[in-house]
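Listed below are the residues making up each chain.
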Amino acid sequence: MPDEDQATLTGSCLCGAVEFAASGAPRFVAHCHCENCRKAHGAGIVTWVGLPAASVAVTRGENACSRYVSETGATWIFCGSCGSRLFYRPANDQAEIHVAAGALDVDLDANVNVHVYADRATNWCPITDDIPQRGGPSGMERLP
Ligand SMILES: [Zn+2]
Ligand SMILES: [Zn+2]
């Protein structure tokens, strides 16, 4: 087992204006297939690392960060210069933050443990592994 106090994740945006660090063990690592992630990131899936909000800090370029609040009240935080999507703040849980795994500069010492909104996966980015799938309106419900 990794020492949780030693586990530090660091990441940055494409242009390097924004850097961040996170400590502690991820609460989850999820592949998300929802339309909002697809649109926001221009990608078939987005892999999110769920962490306590207090454990994640922008270490460079806080003033370069831009925010977009979706109709659901969720907040997307991204680099205003290069557009890299870095964080997602759920509307209903301000104690949690989701870090885009694609922005990490280090290996993630954790496995992906769930597909969320799995029933919305596109035919051009299908699920081909055995990782558990959740879906439905919340994206987290058990699928039949
Ligand atoms: Zn940038
Ligand atoms: Zn999503």
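I will try to describe carefully the structure that is included in this document. Not measured: the values here are computed from a predicted model.

How each quantity is defined
- Residues numbered from 1 in each chain as written.
- Chains lettered and ligands numbered in written order.
- Predicted model: local features only at pLDDT ≥ 70, side-chain atom pairs only at ≥ 80, totals over all residues.
- Heavy atoms only, no water.
- Donors = N, O, S within 2.8 Å, 3.2 Å for Na, K, Ca; no water.
- Tetrahedral: all angles 85-135°; square planar, octahedral: opposite > 155°, others 65-115°.
- Phe/Tyr/Trp six-rings, centres within 6.5 Å; stacked < 30°, edge-to-face > 60°.
- Helix = DSSP H or I, 4+ residues; strand = E, 2+ residues; numbered from the N terminus.
- Buried < 20%, exposed > 50% of the residue type's maximum accessible area, 1.4 Å probe, protein only.
- Lys NZ or Arg CZ within 6 Å of the ring centre and 35° of its normal.
- Polar contact = N/O pair within 3.5 Å; in protein donor to acceptor, adjacent residues only side chain to side chain.
- Contact = heavy atoms within 4.5 Å.

Before going further, it helps to examine the coordination of the zinc ion (ligand 1). Binding of the zinc ion (ligand 1) to the protein goes through Cys13 (SG), Cys15 (SG), Cys79 (SG) and Cys82 (SG), at separations of 2.3 to 2.4 Å. Coordination geometry of the zinc ion (ligand 1): the 4 donor atoms subtend angles of 106 to 113° at the metal centre, consistent with an arrangement described as tetrahedral. One chain supplies every donor to the zinc ion (ligand 1), and in sequence these donors are spaced C-x1-C-x63-C-x2-C.

Attention now goes to the packing of aromatic side chains. This structure, assessed with the given rule, holds 4 aromatic pairs. Geometrically, the ring pair formed by Trp48 and Trp76 is tilted, given 6.2 Å between the ring centres and 55° between the ring planes. Of this pair, Trp48 sits in strand S4 (residues 46-52) while Trp76 sits in strand S7 (residues 75-79); the two residues are 28 residues apart in sequence, bridging distant segments of the chain. Note on Trp76 and Tyr88: the rings are 4.9 Å apart at their centroids and 75° apart in plane angle, and the pair reads as edge-to-face. Separated by 12 residues along the polypeptide, Trp76 in strand S7 and Tyr88 in strand S8 (residues 85-89) bring together distant segments of the chain. You'll find Trp76 and Tyr88 in the same group, each marked buried. Put simply, the rings of Trp48, Trp76 and Tyr88 pair up and form one aromatic cluster. Across the ring face of Phe78, the terminal group of Arg85 is positioned such that the distance to the ring centre comes to 4.4 Å.

Within the secondary structure, His115 sits in strand S10 (residues 114-116). Among the polar contacts listed, one links the side chain of His115 to the side chain of His33, at a separation of 2.9 Å. Not counting chain neighbours up to four residues away, the residues in contact with His115 comprise His31, His33, Ile127, Asp129, Ile131, Pro132, Gln133 and Arg134.

Just distances and angles here, no functional claims.
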